[in-house]
Amino acid sequence: MSKKNNTISIIPDPVIQGLFPTPILFTNFNREWTKEEKKFFEKTAESTTQNSGNTTSADRYVLDHPVMKDIKQYYQYHLDYYMRAVYAPKYPVETYITQSWMNYTKPGQYHHKHAHPNSWLSGCIYVSTEREKDRITFYKEGYNRIELPTENFNAYNSSSWWFSVGTGDIVIFPSYLTHMVEQTTSNDTRVSIAINTFLKGYIGDEHSLTGLHLKEQDDSAPQRTEPRPDNASGGY
């Protein structure tokens, strides 16, 4: 009688790799706000303009004030970290903050779905939020040729993804990435400081005919204008 071969071949589980992911930086300021910073936050909140779903500070350059120097430096440190970790540029180039403003989302309000044109990276630092109730939601834009309903959402099949955010948290992401704040269920006003940025230095490469020298905005640029009054007419 011939002896049977009872050897079992074990096939390893297949591996799915994510390709071309969207990098989002998360960190925390890791200290309490100073008395001077709190006073500035309160003063800035006295002058706001209406946004779609919430309000923003009339001051569009809040991080340029001396009292905000430490917060701006902390922001800049993580912008530099993002550039090194994600892009690792060959030539000298860096990101600098162009505009900075405060967002106020009261109970029951929201922050409309949007992206940030004329900016390289955008970010948000949360001055006052409830981690259990506050979140930021990002969206994957583009046309789906085929729609497949799913039972289990993951990073591959989702068209949106949210993250909880708490006081002191910082989020930095590509400015093209669409995002929003859903209607807040918190009992307190959600307050944050948002930024836009751009590049300065050398981008591209002269040998590939893409070389370009970028300089930071100087005094010859158009003067900053006051925000549009809430009752003004016209496109927006």
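This report concerns the structure included in the present document. None of these values were measured; they are calculated from a predicted model.

Conventions we followed
Residues numbered from 1 in each chain as written. Predicted model: local features only at pLDDT ≥ 70, side-chain atom pairs only at ≥ 80, totals over all residues. Heavy atoms only, no water. Helix = DSSP H or I, 4+ residues; strand = E, 2+ residues; numbered from the N terminus. Buried < 20%, exposed > 50% of the residue type's maximum accessible area, 1.4 Å probe, protein only. Contact = heavy atoms within 4.5 Å. Areas by Shrake-Rupley, 256 points an atom, 1.4 Å probe, with all protein chains shown as cover. Pairing = 2+ DSSP bridges. Arc of directions from axis to C-beta. Salt bridge = Lys/Arg side-chain N within 4 Å of Asp/Glu carboxyl O. 1 Å grid on protein atoms, 1.4 Å probe; cavity = no way out; pocket = protein on both sides within 12 Å on 5 of 7 lines; lining within 4 Å. Points joined across faces, edges and corners; volume = space filled by probe spheres on them. Nonpolar A, V, L, I, M, F, W, Y, C, P; charged D, E, K, R; others polar.

## Quick notes on the overall build of the chain
A tally of helices and strands in the chain yields 2 helices and 12 strands. Sequence-ordered secondary structure for the chain, helices as α and strands as β, is β-α-β-β-α-β-β-β-β-β-β-β-β-β. Taking all 236 residues of the chain together, 35% fall into the buried category. Nonlocal contacts in the chain, meaning residues at least 24 apart in sequence, comprise 82% of its contacts between residues at least 6 apart. Only carbon and sulfur atoms are counted for the fraction: they give 53% of the accessible area of the chain, which is about 16300 Å².

## Brief notes about the pairing of strand β10 (residues 178-181)
The side-chain alternation of β10 yields two buried faces, one formed by Thr178 and Met180 and the other by His179 and Val181. With 2 bridges joining them, strand β5 (residues 111-114) and β10 adopt antiparallel strand pairing. Across the sheet, residue histidine 111 finds its bridge partner in β10, namely valine 181. With 3 bridges joining them, strand β7 (residues 135-139) and β10 adopt antiparallel strand pairing.

## A few points about the side chain of serine 100
With respect to the helices and strands, the residue serine 100 is situated in strand β4 (residues 93-105). Among all residues touching serine 100, those that are not within four sequence positions of it are Asp59, Arg60, Tyr61, Val62, Leu63, Ala194 and Ile195.

## A word on helix α1 (residues 35-44)
Residues of α1 that are buried: Glu37, Phe40, Phe41 and Thr44. End-on view of α1: buried residues confined to an arc of 100 degrees, all on one side of the axis. Across from the buried face of α1, at angles greater than 90 degrees, the exposed residues are Lys35, Lys39, Glu42 and Lys43. Considering only its buried residues, α1 is in contact with β2 (48-50), β3 (55-57), α2 (69-87), β4, β6 (121-128) and β11 (190-203).

## Points about the pattern of salt bridges
Scanning the entire structure with this criterion turns up 7 salt bridges. Several salt bridges share partner residues, and in doing so they unite Arg31, Glu37 and Asp70 into one network.

## A few points about the layout of surface pockets
Of the volumes computed, that of the second largest pocket is approximately 620 Å³. Around the second largest pocket, the lining is made up of 20 residues, and of these Pro21, Thr22, Lys140, Ala155 and Leu177 lie nearest the centre. At the level of secondary structure, the elements contributing two or more residues to the lining of the second largest pocket comprise β7 and β8 (160-164). Grouping the constituent residues of the lining of the second largest pocket by class yields 12 nonpolar, 6 polar and 2 charged.

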